[in-house]
Amino acid sequence: MVTPVSGKGDHRLFRSVTFLFAFSTIFVTIPTTVKAEVDAAKVNRAIDRGIAYLRKTQTDRGGWEEFRGHSCGLSSLCTLALLNAGVSRNDPTIAQAMKYLRATVADDTYSVSLQTLVFCQFGSASDLPRIRNNVTRLSESQEHDGVWGYGGRRESSGDPSNSQFALLALGAAQDRGVHVEPQVFQRAIEYWKRQQNASGGWGYRSGTASGSMTCAGIASLIIANGRLGNASSSIIDGKIHCCGGDESDQDPILRGLRWLGQKFSAKRNPDGGDGTYYYYLYAIERTGRLTGRRFFGGHDWYREGAEQLIAQQDEFQGFWENGDWESPTVGTSFALLFLSKGKRQVVVGQLERTKAVQSEWQPHPDSLRQLVRHVERAWGRDLTWQTVQLENAGLVDLLQIPVLVISGKESLALDPEKSKLLHDYVDQGGTIVFDASGDSGCGNAANFQNSVANLCSQWYPDAPLERLPTSHPVWSAERKVDIDAMPNGFWVYGVQACCRTAVFYVPQSLTCRWELGDQLFHRGENDDPVRQQIDHSIRIGQNIIAYATGRELKDKLDAQIVMQGDTTNTTERGTTRIASLNLGAGGEDARRALPNASTIIRNQTQVATTVPETPVGFDEKALAEVSVLWIHGRREFVLTPQQRDALRRFIDNDGVILGTAICGDDAFAQSFRKEFAKILGETPLKSMPADHPMLTTRFYGYDLRSVTIRRISHGGSGQQIRRQTSPPVLEFAESDGIVSVVFSPLDLSCALESQNSVQCPGYGTEDAAKIVTNVIQMALNQ
């Protein structure tokens, strides 16, 4: 520790130490329950090595060595894997592959299907005629009972493997706007229903059910039903009906999922052939993504599969293989598809309440998949959604989902433990959308609404559930919403908590209308009222996701961090006491910021700090026990002459003040500057230069000369978040040559209140914590 050089001497040093300790709320980093064997970095390295192997094995013609009897199936599979693994469309390897595939006439089912998937994934308008031709070939080659065989020059009866790839291609083509005759999907549905075993699984033709074929059956039914609009929502006589589907134990998809949950393995294809392991993993990825399942039978399918693939990858050349059929190029392609598509970032999730029937907690099963399709198109990236079981979930599990949809019509029956779990989820940065499912003649959701209101009042007694104004980002964060396009009486309600609208409530179901989102991928009249209602419902969903995330998403394998702040009314010897000032300017909106900041610093610097349970007032006795005074708010304020005198005496008695405008509130910032100009007199606040010692490691803190600053703007295209890298924007004042006041006009409080502060101009949690740490280290060592 550096010896003080000012005349304040040991007294200031003691108060500074006290200040530092007062900042120590508990910032507990709780890793996810995942095993240490796999993380995002290892997965990315495995993907890079697999990409390198496929590059190396590409032929001079631009393709890969084909299996006998297939025109371009393997070349298409390798290209599809590379595109999904993130290789640029402009990459020479992709350019050569696309040139080869465009020059090749595919004539067998696997080749036609995989070539179509490549053209759809590549996304060039010039390939649309080729996609249409392939759709025609696939439609015409479907047999009357809904099955596909090998086709081409190879005579064969139909089988589920060819059939699933044909449906994958037809579904992707329709997503690209290419028309597919509805009867093609309908015949396929009937085929897959007939093929299902009594056990609930599917086998190859009439054989024993296996993991790979059961995944094929589940995914094929989801794809075909989704393209036909066979959903719980419907359009009848020009009106939307939201009554939902009836849950049935005989539903083929649910029966297949139960089979998969009982049989799941990440080490082998359950009851399948020895040479189909990587083929099976690709099928598992597809099933998990389409159903929104993170777990099968209690197994985290992506994490366990990734662990196996990382362990099995060839140490020297980076390929995967499994016998003659799953050769290095085939095995590597399937492995890359699993690793890359399976790690898509989650943007939204559905809460499964095991005590409620599925039609209660998930009345519109295809709603989130449809919503995510539109978000993907708007953001230009592949994303996914998940279902999470409340019964088995912990806080870390919930935090993997930034926006959690809770649907229902009946009263929410949450015990205190589960209520606290959801409350903690919101406090830690999560966003909840309560979606009532009782409109459009589907019954009365009053019980659900009352339970939501009661829950919110328990969580946030001072923040009522209220109508969100038309200026709120829910109406315009990414796309402008026309409220007149929505049903009569429709509105969105919200709760302001943790510096943001953290809870939304819609009394007329959005998920019902999201489930009809496929309608927008087909041509229709733009002035059709039903089409407009679906479109603007999708827009609200997109706006909520954009508002809640700022398009900043976590990787699936990232460890989740939980912030927990401690407060106390006692001061231990040798600790620094820091307190929030009871200013009455909205500081209660980020009441956990100071305790969280204190914990972060205690864990990172080992400096002992304490934070009192309640803010302190302006009386001299209370301030005398405080080393650092945290002053924050989000509205204009005016101090009395007596209050200004109290703060002046606090500074003269060696106290340090750290101020910040909650969510970058300009009215608070102007008031802070005005009042402290009166308090400080001849030493007013001034901008902190980029080379100020506090922004360096001089006081044993962090080098802050390069942090990320977030700015928010609103324009015709909605909410825009701009990020710049620069020194932090800070102001400071000195007393007797010692920094006594530091002020951040940009947000620190919301960043420290929770990990989700993307709605505020300011800093992320990590940079905000570093800024506070440096203030404390300077106070201790200047």
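Note that this is a predicted model, so its numbers are computed, not measured. Throughout, a residue's number is its position along its own chain's written sequence, starting from 1. Note on the predicted model: pLDDT of at least 70 is required for a residue's local features to be given, and 80 or more for side-chain atom pairs to be given and counted; whole-chain, interface and lining totals, by contrast, use all residues. Remark: hydrogens and water are excluded; side-chain values derive from all non-hydrogen atoms of the structure.

A few words on the nonpolar core. Counting 97 residues, the largest nonpolar core has Ile-284 and Leu-339 as its most contacted members. For this analysis, residues touch if any pair of their heavy atoms sits within 4.5 Å. Excluding anything up to four places from it in sequence, Ile-284 contacts Cys-215, Leu-260, Phe-264, Phe-296, Trp-301 and Phe-338. Membership of the second largest hydrophobic core comes to 44 residues, among which are Ala-593, Leu-730, Leu-746 and Ala-768. Nonpolar cores were defined as sets of buried Ala, Val, Leu, Ile, Met, Phe, Trp, Tyr and Cys residues, with membership established by side-chain atoms within 4.5 Å. Only protein chains enter the accessibility calculation, which uses a 1.4 Å probe; a residue whose area is less than 20% of its type maximum is buried, one above 50% is exposed, and one in between is partly exposed.

So, on to the pattern of salt bridges. Salt bridges are defined as contacts in which a side-chain nitrogen from Lys or Arg sits within 4 Å of a carboxyl oxygen from Asp or Glu. On inspection of all chains with the given rule, the structure shows 29 salt bridges. In this structure, Arg-723 engages Glu-552 in a salt bridge whose closest nitrogen and oxygen atoms are separated by 2.4 Å. Placement of Arg-723 in strand β18 (residues 718-726) and of Glu-552 in the loop between α20 (529-549) and β12 (576-580) is noted, with a sequence separation of 171 residues between them. By relative accessible area, Arg-723 is classed as partly exposed at 40%. Notably, a salt bridge pairs Glu-766 with Lys-770, separated by 3.4 Å at the nearest N-O pair. Here Glu-766 pairs with Lys-770, and both are found in helix α26 (residues 765-781), just four residues apart, close to one helical turn. Residue Lys-770 is classed as partly exposed on the basis of its relative accessible area, which comes to 22%. Each member of the salt-bridge network shares a partner with another, and the members are Asp-175, Arg-227, Arg-373 and Asp-518. Here a strand is any run of E in DSSP of at least two residues, a helix any run of H or I of at least four, and the numbering for each starts at the N terminus.

In this section: the pairing of strand β20 (residues 738-744). Burial within β20 is extensive, with seven of its seven residues counted as buried. Where strand β15 (residues 656-661) and β20 come together, four bridges link them in parallel fashion. When the sheet's bridge partners are listed, Ile-657 is paired in β20 with Val-741. Of the strand pairs in this sheet, strand β19 (residues 731-735) and β20 are connected by five bridges, and their pairing is antiparallel. When the bridges of β20 are listed, Ser-735 appears paired with Ile-738. DSSP calls a pair of strands paired once it identifies at least 2 bridges connecting them. Between β19 and β20, which follow one another and run antiparallel, lie two residues, and Asp-736 among them has a positive phi close to 55 degrees.

This part covers the state of the cysteines. When two cysteine sulfur atoms lie within 2.5 Å, the pair is treated as a disulfide. Applying the stated criterion across every chain, the model contains three disulfides. The side chain of Cys-242 participates in a disulfide bridge whose partner is Cys-512; the two sulfur atoms lie 1.9 Å from each other. Its torsion about the S-S bond being -70 degrees, the disulfide of Cys-242 and Cys-512 is classed as left-handed. One end of the pair, Cys-242, is in the loop between β2 (239-241) and α10 (252-263); the other, Cys-512, is in helix α19 (residues 510-514), and 270 residues separate them in sequence.

Glancing now at the pairing of strand β11 (residues 500-506). Counting buried positions along β11 yields seven of seven residues, so the element is predominantly enclosed. In this sheet, β11 lies alongside strand β8 (residues 431-436) in parallel orientation, the contact comprising four bridges. Note on β11: the bridge partner recorded for Phe-434 is Tyr-505. Taken together, the five bridges between strand β10 (residues 493-497) and β11 define a ladder with antiparallel strand orientation. The partner of Gly-494 across the bridge, within β11, is Phe-504.

Across the sheet, seven strands lie side by side as β13-β12-β14-β15-β20-β19-β16; this open sheet has mixed pairing. Each having just a single partner strand, β13 (609-610) and β16 (686-687) make up the two edges of the open sheet. Examined bridge by bridge, β16 and β19 share two bridges and lie antiparallel to one another. Note on β19: the bridge partner recorded for Ser-687 is Glu-731. Packing of helix α24 (residues 666-680) onto the sheet brings it into contact with β14 (628-633), β15, β19 and β20, and relative to β20 it is tilted by some 160 degrees. Only the stretch in contact is used when fitting a helix axis, every axis being a line fitted to C-alpha atoms; angles between N-to-C directions are given from 0 to 180 degrees.

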